[in-house]
Each structure stands twice: as structure tokens, then as C-alpha cells.
Amino acid sequence: MRALLQDMIQDISFDDLPPSWNTFDIESFSKSKKLWDYQQEAVKNAIKVLWKYFEDFENYQENEDLEINDRRKNKFFKWYKDNGLEEDLDIKLGKNNKDKAFLLANYYPQTNDSFSYEFFINRMSFWMATGSGKSLVIIKLIEIMIQLMERREIPPHDILILTYRDDLIEQFKNLVDEFNEFNNSKIVLKELKEYAEVKRQHTLFGTTVFYYRSDNLSDEQKEKIIDFKNFDNEGRWYIFLDEAHKGDNEESKRQHIYSILSRNGFLFNSSATFVDQRDMVTCAYEFNLSSFINRGYGKHIKILKQEIRAFEKGQDYTDDEKQKIVLKSLILLTYVKKIYEEVNNLQPNMYHKPLLLTLVNSVNTEDADLKLFFRELERIARGEISQNIFEEAIKELLDELIKDPSYIFEENQKIKIDQTVLKNITKDDVLKHVYHSETHGEIEILIRPSDKNELAFKLKTSDKPFALIKIGAISGWLKEELVGYEIQEKFEDESFFANLNSDESDINILMGSRSFYEGWDSNRPNVINYINIGKKIDAKKFILQSIGRGIRIEPVKNKRKRLLQLYNSKEIDQNVFDKIKDKVLPLETLFIFGTNRDAIETVISELEIERKSENENQLSLFENVKVKKERLFVPVYEQADAPVLKSKVKIKFDISPDDYNLLNDFVKFMDDDRLLLMRYETEPEKIKFLKVSVTDLNNRVRFNIDKSIKSCKNADIILQRYFNYLSVIPSELEGFKPLEEEIKHFKNIKVYLKDIDEIKKKVEVFQSYKDPLEAEKELKEKFTLGEITLDQFTESIKNTDRYFKEEIVEYQGTPLKFKYIPNHYYLPLILSHDEKINYIKHVIKTPSEVKFIEELEKYLELSDNKFRLFDRWAFSKIDESLDEIYIPYYNPNSNKISRFYPDFIFWLQKDKDYYIVFVDPKGTEHTSALRKIDGYEEIFTQAGQETVFNHNGLNIKIKLFLKTDDVSKSTVKYKSYWFEDIDKMIESIIN
């Protein structure tokens, strides 16, 4: 199964949603936290789904009846069907599930033993890796849901958060407190048991959001367990599930209860591990561990084949064998720490202090895994190490890392090891980098009397602790395992564990059990030992959760991406990058040792299998060699020096006449600037600018007052949008660069078919296809040289394929056309006349684009086509979801600079004149198209004339054309941008 819902909303532009649906601050969270770009993507996707459900299918009206909600579900479910949902998701309950069938039958229509999934379709899921910050996404979504209710865009239902552990609830409360400190709109958390009391009262400040433990919700009442029927509220709930699947016998019943409570609201399900295909189909945002790593937000993962078998119960291993596996993890930690020091010497304050994390299955049994591991740490600290064992450990590590350098999830990435550094690690290096000591010594203990869950260890020969145990029963260890050790009491308030992520932490080894794998995140782990954990596949959730806690990467503070991605986005200085780029890979890797490597690898690999449907295949087309060698330039942009408030740009604020009058009246009424300052958290100069703009007729040029613009009728939204508008920073042209990876969609054609061999064969046909014009040219040369006769020449010309080649293949009743057009950037072009085709992605299927290609083919076959007047030319399709060629423009809907991705780009050259031409066949004369033209003019024209840019000895002009069926209907101002046929378009370029 694939994340179908995510695919379905891909073509919905967030920026083009109505203002009341996209005028949110999606980035900010608290004083110290902002949402990362992928978290913002998740929130935007959620808003798009809600807009589709509540407004696009059936506009929300106050006091609407429940029948409207049923119509919404019906249309929403049909939308899934229209977009390729073929799987049977109906809930079928046989004789063994009579209690669940009876439960559902009280709320949903039943057909035999089946319940149509149409009645459960009002939901979306978020499949996001542990450590990716799902909780921040949930809280931000709650804030937006509250605003949407205030704006009367969605029904005013109560909000409920469900998660399955008390510590996760506490963690959530802490995040909400952090959010409330920073934001004016407060979230007031109340336990669900308090529902009746809360509803009797009126919350003066903030919005009440209820919470409860998901596993304590049932259809009966007990001491802690509550009966959901007491809180049914006609199913008018917005429910947020956070890892709310425990996997016990009551699990499926609880999942039904969540659906029942939200049957007339909406259900949001967030998890790092989904197994139910219904969660996959309704997934609005997929960012699991595999995606997290592939997009550069997490460390690479290397699972070592050398297993920690020496600690396995019932196995007869020598002390040397036990020591060797511990040494390997310490040597690897030492190696990464040496790299860390080298990088920091070249560029201080980068990356994290490397950490070894050891997770064990047993803690307090007689032969507990934690005790055995600790004993080996102790032996190494004393110097009881065999030189032979030490050398064997290094050799075996090096051999594997050289012979098998591959990472999991990443086929094209390989680990690079500095063999000289690893080979030359000594026992003294381990002592220095792991134990903070120059000499061997005995271990002593550091404790905090106020903390019963952690013990720190240091050598008597050092003044710094090197290791920390974090378990739930420290007192037992002190009494039974650590008798005779010297104990020092540390009275500072902050615990070792709480301080682990700070630059001051000296801890190099963290040991613990399952108890703290959730609710804790760190950039620091580079090595993880799983001792007797994950031997069975049923340990899946723990393995994924704990790995997720250690894969974060943050080379530069508050820039959470691997170094290469930061460089590509210009977040790091070129000189710094060049100095360290070849050294940092070990710091960006999480090395994993496990008792059963196969089990761990299977668990992690299953993510890739789950993420990709069994029918999902990747198809890559090929670059056109003829076009690739041409000089193809693309524009590059940068932000202007000043926002709209202080700039002379011609960006206007779109507003309806009614809203303009409302704004004018409101400003006159609100004569005290201090009230505006407090209410909208803005600056005095913006308020001054606003008042001048609405009262001075000469300044109304800042407004585009247009009766065709939909009225908002909400002064708060209008004012906030206007203040945001004044903060918009326009884009400017930085220059031009050669085309590299800016067009890449053709390498990422997704095909949802079991067998794509026939499609691959069609693609291969074009790879060996000879350009007919080149073939004709060769024949003419042979005839001129007398190598062939006139009759042979005439016969060969007849047999030469026509200028274009076309292959057709049909699947699921929908034909696909594979086309050869010699001047296209990649080959072949794949077209479909069925816009709803769902088994292939990133092909040309929009009717206007298909029509344009077919018209272009016919035009190019004409002997007098005007492309022949140029020395050289080429063109390419642009895919807005994957490619990076665009025109920036001010989008009044989203109130920010958006990116306009025209459907095609042409490159044409005649002598020194070089044209970059953007063509958008689906362009229609409506407001959004005109704004895109305005964006083009702002950057590429001056005083109504096209700017000529000098670059590499060429005179570059940028052109823009949009297709229309009747140019005469275009407004005078924009008439030159519209074309009816290709011949006139080329003629206007020439002239």
C-alpha cells in the first residue's frame, strides 16, 4: 500500500487555498523551537485535506445537520476511488467478533457482517519517524484547528489527544507549556474525566483541549478505564492519536472507539510504525525512518555483521570473546571521537560529541545483560586487555567496513573509513577518548541523592565521568552490584542525563534498558549496542523507536540536516565546507551492533518495504545526449535587501472593495496605536504605513482593490494579512547557471504496477533510436561524396523513420504514449490522454500540456517552421513537484513569495542572442495567472521593456508565454503574454 492520500493532495497548491485557509504562522512554535521544513509540509498537507473535506466538497455552514457530514464522507470516499483506491478497506467482522460488530452497528449502517469504509473515511494519518517531532506537528495542528473554528471554516467541536503512556502525556504537557509561554493563544489541557465539569464552566483564557491514556478508553467503566459512551457528544470530536496503538487484545476495539467518537468530526493518527493498510491509504504525510534518512535529516545507518553473541544466554563464550565485542564498540567510538576532534580543530562548534548507547534486555537478574557489559567496561578500565584481542577487534572492524561499506536504505551511499586512523588506534587512545584518563584505574561512582534513576561512573585517575546508567531501579544496583565501590555524592541540581545534550557533558557511554527509549532525543549517539534485544522480529517497535532517538544530525546549531544538504542550501560557508566535507561521514553515521543482526536488519528493512507498495516501481528515463551537450542556462534568485514596507517594488495587496471599506472603518475606529501593537504583535512603522495607506488617496496604489476578489469580512484576518504583506521580502535575480540537477523528475517516474518490463522495453527502444534528421544528413553527405547513388539515396530516405517516433502501450484500459522529439531534454516523453491516470506519476497528462506537445509535433514537421531560424534550440517539461526551475512571484492568497513553475522551458540561440522562454499552456486569464506575470515583470523587465542580461558573452532575454484559445479576450496590459499558436509565439520571440 502507498500513502494514497498524500498523492491525492499533491496537485492542490497550499498557496492557492482561500486566505482563511492559508494565513497561518506555520513555522513558529516556542522561544527555542521552530518547525522544520518537513514538519511544515506535514501541517500544510493536513490543512489541504481539511479544506478538501470541509469546504471543497461541502462548504461548512453553522448549525448544519449530520446529513451534510454523511454527504462529505460520501464525496470524500468517491474522491479516493477516483484516484485509484481499489483495495477493499471495509471492516468485516465474523462470528468471533460479535461484540465489535454489535458496537459498530449502534453507530454505522451494516451490510451482512461488513461496514463500508466510507463511514470511517474522515481521517488522516502521519507516518513520521521517531525523533522527527510528531508532537510539535500535533500541537501546531491543534492551534490551527482552533483558528479554523474561530474563522468558522470547520465545525466548533472539542479536541481530544490520546496516547498510551503516562510519561508521554507528561512530555506532551511540557511541550504545551513551552508553546503557551511563547504564544498569545493558549492551549488549556484538561483530563477527559473532567469533561462534564469543564463544559459547565467557561474558559476565560485559551482553548480547552482534553487528553487521556488511549488504553484506558473502553466501552465499560472501571476504576481507571472510562466508558467512551459517557463522552460521545454525538461523535463531534477532533481526535489526535499519538502512537495510540498498544497491540493488546483490546486494540482493535479501541481503534473502533476512536472512530466512533470522531464520526462527525475528524480523526488524526500519528505514528512511526503503521501496519494497518487503512492508515497507509489515508496517510497525508509519509516521513518514516527511511525518508527521514534519505532526505538528509538523519544519520546514515550501518548495521555491523559482527554480533554481540558473547552475551547471549545459554551460550558458552570465553571472557576474551566477550571483551572483544565490547572493545569493538569502544574502538569505533574512539575512531568517531578522533574525527570529531579533527573537524572541530578545522571549524569549531560543529557537530555533536559522539556517544555510545548500550541498550539491554535485562537489568536486575543474576546474569543481567547490563551487569555483564559493565564488567567488561571495568576490565578494560583496569587495563586487563589482551593485545592480541585488541588487534583482532580492530582488524575485524576494518575488514568489514572496507568489504561491506553500504548503508541501509541508501543504495548509492558508502561509508568511507580513514584506514590509517582506525588501524593506529591504541589502548591508550581508548583510555583517553572514552575514559577521560591517561592511565588505567579503578571505577568509582557518582550519585545524586535526589535522583533514584541514574548512576555515573568515572576512573579514580580522572576528574570527569565517562559513563552513565539510566534505569528504573538504581537502589538494587547499589546494594547488590556495587558493594565496595567508592561513592561520591554530587549535589548539583541538574542530572547527568538531563545534561547529556549540552556541550559540557563528559558522558561518553550511556547504558539503559527499554525504559527510556521514548521521550528522549539526542544528536550524540554514533554507536548503539543492542544486547539480547531485537532477537525476534516482534521487537520491531522498540528497535525503530530507539534508533529514531539517535539518528538526529545537527552539524550547525539549529540546522538539522547533514552537511551536504546544508551546503546545497547555502547554509554553510564554501571554505568551511571544502575543509571538512571529506572527513565528516563517520560523524554522520549511526553504527549498530546487535545480538541478532538479521533480526535487526529485517526490522529496519521492512520500513522500506512498507514505504514502497509491492506494486511501486521506479522508472528512470534518459538524458538526450544531443541536448545535454548544449549550453543550457537557468536563472538563480536571491532575496532582496528589504521587505515590501521599505522597498519600491510594485507588489500590491489584493483586497475586495467591501474588505477595503471594512479595513478603513476599523483603522478609523482603532485610533490608539497601542491597541493595534498589542493585538497584532506588529511594529509602529507598519501601523503608521497602514494608516497612511488607507487614508491617503495617493497611497492607495499599494492596494489592488478588485470586486472579483472574494471578501473575507474579518477585520482581524485582513489586518494580520496586511501586516504580513509588509514583511514579505521580494526575490531578485542573482544570475544564471548551467543546468545541472534542476530538472530531475524524469529520473523519478513512479509506476504502480507489478510488472513494468514492457514499459522499460519501450523506453529502451528510444535509447537506441537514431535521430531521423541526423540520418538524413548522413545520407546527403554520402550522396555528395558519391558513396551512394541517387536511387539508393531516394530509397534510404523513404525507409528513414519519420521525424517523430511514437510507441503506445496500454494498461488498465488507459494507453500510454512514448514519444521521441529530438530537441527534448530527456527521452522519451510519456503522455496520457486520461488526466485521472493513477498507475504512473510525473508524466504529461494535463490536457492542455498534451495538446501543446501534439501541436508542437505537427509544427516541427512543417518545412518552414521558425525553429529552423535559430542556430540551436532545446526544450523540457518542468514538473513543479520535483524540479527547481521557476519564477518567483508575490502570491496574495498565501501572502508570500511563491514559485510559479511553468509547464515548459525552451532555450533558443541565434548568434549571441540567447533566449530562455517559459511556456505555460494551461495559463488562463484569471487573477493568479496575472500575478505570475507581475512576478515575471518585476524580475525580468524594466520600464515595460525586457531586460537584456549579459552572461558568458551572450545577450540573455527571458520570455514568458501563456496559452489561450482567443487572444482578443485578453486585457491590453497582458495581451503580449498570450499566444494562440506556436508559430506566432516563435515569431514574437524573433521580433
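Keep in mind that this is a model prediction, so the values were computed, not measured. (Residues numbered from 1 in each chain as written. Predicted model: local features only at pLDDT ≥ 70, side-chain atom pairs only at ≥ 80, totals over all residues. Heavy atoms only, no water.)

Engineer: Lay out the pairing of strand β15 (residues 454-459) with the relevant residues and their values.
Structural biologist: Among the six residues that make up β15, six are buried, leaving the element largely enclosed by the rest of the structure. Both faces of β15 are covered, namely the face carrying Glu 454, Ala 456 and Lys 458 and the face carrying Leu 455, Phe 457 and Leu 459. In this structure, strand β14 (residues 443-447) lies alongside β15, joined through four bridges in antiparallel fashion. By the bridge assignment, Ile 443 is partnered in β15 with Leu 459. Two strands pair when backbone bridges link them, and β15 and strand β16 (residues 465-470) are joined in this way by five bridges, in the antiparallel orientation. Bridging across to β16, Ala 456 finds its partner in Leu 468. Counted between consecutive antiparallel strands, the loop separating β15 from β16 contains five residues. (Buried < 20%, exposed > 50% of the residue type's maximum accessible area, 1.4 Å probe, protein only. Helix = DSSP H or I, 4+ residues; strand = E, 2+ residues; numbered from the N terminus. Pairing = 2+ DSSP bridges.)

Engineer: An account of the pattern of salt bridges is requested, with residue identities and associated values reported.
Structural biologist: This structure, assessed with the given rule, holds 57 salt bridges. Where Lys 33 meets Glu 178, a salt bridge forms, and the shortest distance between an N and an O atom there is 2.9 Å. Here Glu 178 lies in helix α7 (residues 166-182) and Lys 33 lies in the loop between α2 (19-22) and α3 (37-56), a separation of 145 residues in the sequence. The partner of Lys 583 in a salt bridge is Glu 342, with the nearest N and O atoms 2.9 Å apart. Here the residue Lys 583 occupies a position in the loop between α20 (574-580) and β20 (589-594), and Glu 342 occupies one in helix α12 (residues 319-346), the gap between them amounting to 241 residues. By relative accessible area, Glu 342 is classed as partly exposed at 30%. Each of the salt bridges in this network shares a partner with another, and the network as a whole consists of Arg 375, Glu 378, Arg 382, Glu 384 and Glu 442. (Salt bridge = Lys/Arg side-chain N within 4 Å of Asp/Glu carboxyl O.)

Engineer: If you had to explain the sheet that holds strand β17 (residues 487-489) to someone new, which residues and values would you point to?
Structural biologist: Ordered in space as β12-β20-β19-β13-β18-β16-β15-β14-β17, the nine strands form an open sheet in which the pairing is mixed. Looking at which strands have only one partner, the edges of the open sheet turn out to be β12 (300-303) and β17. Strand-to-strand, the axes of this sheet are offset by a mean angle of 20°, without reference to chain direction. The sheet strands contacting helix α13 (residues 369-382) are β13 (355-360), β14, β15, β16, β18 (509-512) and β19 (525-531), and the helix crosses β18 at an angle near 155°. (Axes fitted to C-alpha atoms, helices over the stretch in contact; angles between N-to-C directions. Contact = heavy atoms within 4.5 Å.)

Engineer: Hey, could you go over helix α16 (residues 427-435) for me, with residue numbers and the actual values?
Structural biologist: Along α16, the residues classified as buried are Asp 429, Val 430, Leu 431, His 433, Val 434 and Tyr 435. His 436 occupies a position one or two residues after α16 and carries a positive phi of about 55°.

All quantities given are derived from atomic positions and should not be read as evidence of function.
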